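# Structural characterization, general
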Amino acid sequence: MLIVTGCGGHADRPLLGYVEGEYVRIAAPFAGQLQQLSVRRGGEVAVGAPVFALERDNEVAARRQAEQQLQSALARLDNLKTGKRPSEVQAVAEQLRQAMAARELAAANLRRQEQLQASGFVSAAAIDDARTQLRRDEAQVASLQGQVATTKLPAPAGR
């Protein structure tokens, strides 16, 4: 009999001892108006289950602002990838043509001044002025040629 009672079901017998628990205080990481409370005092909460919900107006507005900033940044990126607009490229090309015409005029002027100096009608200072003007116009042409090439390129990655 002793053996039979020792092997019997233990499910009906109460367990002896005590249980320790820890208090957990739950709070929101930021202030806000309480919109929903999902548990009652002393109730059980499953892991990952929502306990409460705060108003979301500020978060929704912040998310909308972040999305708009992202769209703006993507539009700027697309703009930077394409280079200058065709009208801007054309304007720089026109400036280059003007500079080339000025260079041709300066070169012709220098040739005339040199011929006049050979005849004794022009001083060396006039020749120096004509040479300086030609060099200045050549530098302007070179600068604008670089600008024309640059306007057709996309913006550099660091900009």
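All values reported here derive from a predicted model rather than from experimental measurement. (Residues numbered from 1 in each chain as written. Predicted model: local features only at pLDDT ≥ 70, side-chain atom pairs only at ≥ 80, totals over all residues. Heavy atoms only, no water.)

Counting six residues, the largest nonpolar core is built from Val 92, Leu 96, Ala 99, Val 141, Leu 144 and Val 148. Secondary structure elements with two or more residues in this core: α3 (86–118) and α4 (124–151). Discounting chain neighbours no more than four positions away, the residues touching Ala 99 are Asp 137, Gln 140, Val 141 and Leu 144. Counting five residues, the second largest nonpolar core, distinct from the first, contains Ala 106, Leu 110, Ile 127 and Leu 134. (Core = buried A, V, L, I, M, F, W, Y, C linked by side-chain atoms within 4.5 Å. Buried < 20%, exposed > 50% of the residue type's maximum accessible area, 1.4 Å probe, protein only. Helix = DSSP H or I, 4+ residues; strand = E, 2+ residues; numbered from the N terminus. Contact = heavy atoms within 4.5 Å.)

The subject of this paragraph is a nonpolar patch on the surface. A surface patch of nonpolar side chains, about 250 Å² in accessible area, is lined by Leu 70, Leu 74 and Leu 77. Looking at the element boundaries, Leu 70 is found in helix α2 (residues 57–82). Look at Leu 70 and you get partly exposed, because its relative accessible area is 46%. (Patch = residues over 30% accessible without salt bridge, like charges linked within 9 Å, V, L, I, M, F, W, Y side chains within 5 Å. Areas by Shrake-Rupley, 256 points an atom, 1.4 Å probe, with all protein chains shown as cover. Salt bridge = Lys/Arg side-chain N within 4 Å of Asp/Glu carboxyl O.)

Okay, the packing of α3 against α4 next. Working note: a packed helix pair is described by the angle between its axes plus the distance between those axes. As a packed pair, α3 and α4 sit with axes 8 Å apart at the nearest point and diverge in direction by 160°. Here α3 is positioned roughly antiparallel relative to α4, judged by the angle of their axes. Every pair of crossing elements has a handedness; the one defined by α3 and α4 is left-handed. Looking at the contact of α3 with α4 residue by residue, the class counts come to 18 nonpolar, eight polar and five charged. (Axes fitted to C-alpha atoms, helices over the stretch in contact; angles between N-to-C directions. Parallel < 35°, antiparallel > 145°, perpendicular 65-115°, else oblique. Left-handed = near helix turned anticlockwise from the far one by under 90°. Nonpolar A, V, L, I, M, F, W, Y, C, P; charged D, E, K, R; others polar.)

One pass over the structure, following the stated rule, counts three salt bridges. Ionic pairing is found between Glu 114 and Arg 131, a salt bridge with its closest N-O pair at 3.5 Å. Separated by 17 residues along the polypeptide, Glu 114 in helix α3 and Arg 131 in helix α4 bring together distant segments of the chain.

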